[in-house]
Amino acid sequence: AQKITQTQPGMFVQEKEAVTLDCTYDTSDPSYGLFWYKQPSSGEMIFLIYQGSYDQQNATEGRYSLNFQKARKSANLVISASQLGDSAMYFCAMRGSTLGRLYFGRGTQLTVWP
Amino acid sequence: DAGITQSPRYKITETGRQVTLMCHQTWSHSYMFWYRQDLGHGLRLIYYSAAADITDKGEVPDGYVVSRSKTENFPLTLESATRSQTSVYFCASVGLAETGELFFGEGSRLTVL
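Bear in mind the structure is a predicted one, so any value in this text is a computation, not a measurement.

Caption draft 1: Quick look at the packing of aromatic side chains. All names here are of chain B. Evaluation of the coordinates by the stated rule reveals 18 aromatic pairs over all chains. The interplanar angle of 55° and the centroid separation of 6.2 Å between the aromatic rings of Tyr-35 and Phe-104 together place this pair among those described as tilted. Highlighted residues: Tyr-35 in strand 4 (residues 32-38) and Phe-104 in strand 10 (residues 101-104), separated in sequence by 69 residues. Taken as a pair, Tyr-35 and Phe-104 share a single burial class, namely buried. Seen from their ring centres, Phe-90 and Phe-104 are 5.9 Å apart, and the 85° between their planes marks the pair as edge-to-face. Here Phe-90, found in strand 9 (residues 87-96), pairs with Phe-104, found in strand 10; they are 14 residues apart in sequence, far enough to count as distant. Sitting over the ring of Phe-74, Arg-68 keeps its end group 6.0 Å from the ring centre.

Caption draft 2: Structural context of the side chain of Gln-2 of chain A. Residues and elements named next belong to chain A. For Gln-2, the position within the fold is in the segment before strand 1 (3-5). Since its relative accessible area comes to 19%, Gln-2 is described here as buried. Among the polar contacts made by the side chain of Gln-2, one reaches the side chain of Asp-29 at a distance of 2.7 Å. Not counting the four nearest positions on each side in its chain, Gln-2 is found in contact with Asp-26, Thr-27, Asp-29, Met-94, Gly-96 and Tyr-103.

The rules behind the values
- Within each chain, residues carry numbers counting from 1 in the order of the written sequence.
- Each chain gets a letter, beginning with A, and each ligand a number, beginning with 1, in the order they are written.
- Given that the model is predicted, a residue must reach a pLDDT of at least 70 before its local features are reported, and side-chain atom pairs must reach 80 or more before they are shown or counted; all residues, however, enter totals for whole chains, interfaces and linings.
- Side-chain figures throughout are based on the complete set of non-hydrogen atoms in the structure, without hydrogens or water.
- Side-chain rings of Phe, Tyr and Trp (the six-membered ring for Trp) are treated as a pair once their centres are within 6.5 Å; stacked means planes under 30 degrees apart, edge-to-face means over 60, and tilted covers the remaining angles.
- Labels follow the DSSP assignment, with helices taken as runs of H or I lasting at least four residues and strands as runs of E lasting at least two, numbered in each case from the N terminus.
- Exposure classes here rest on a 1.4 Å probe applied to the protein chains alone. A residue is buried below 20% of its type maximum, exposed above 50%, and partly exposed in between.
- Whether a charge sits over a ring comes down to the Lys NZ or Arg CZ being within 6 Å of the ring centre and within 35 degrees of the ring normal.
- Polar contact criterion, stated in full: a pair of N or O atoms within 3.5 Å, where within protein one must be able to donate a hydrogen and the other to accept it, and residues adjacent in sequence count only if both atoms are side-chain atoms.
- Any pair of residues with heavy atoms lying within 4.5 Å of one another is described as a contacting pair.

Right under this line is the structure:
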């Protein structure tokens, strides 16, 4: 069975600093994908970044990077140069064998302060 | 480019009533999903559909019914609403087959009194 664990219910970071949001996963599938989504207070789900299990390099998208450590089964999100608009709930998710079927963690509430 | 639209966005109903949440997508994506979001649980899959007339259960299907007669529509019905079904419901479809990235609707907030 697939499982995603986010152990940080809340995180605080000062503007312009970097922050790491933790995510560990468990799966028996040899091929899987890892996602991070952002949910601002307005409620919509915004896709941030994707990492395939066979990708050799860590994924990056602008200020977002995914620190993928396959042996440790971790997929931490790193946000560089935090902005006030980064304050939101962040969800880690994993795709198993069924296309589009994602398993979500419980989320981390990030607050960026000036 | 409308994407995925959900209706209603907000709904208050009473225990025992039937409620249908609508989901419409304009991309002709094959796969569609219904998730519910509850505090402390993240998002959990209720039902999904691989194509018209093909549906399957997710993690928490009890108390829900789905249908998919047309590719673009994927309604979710609560046949007899219970307070435990108070939640935010998200409809989604798969955008990129290579990754399985989900595109979400704006969500429907349902309150069952």
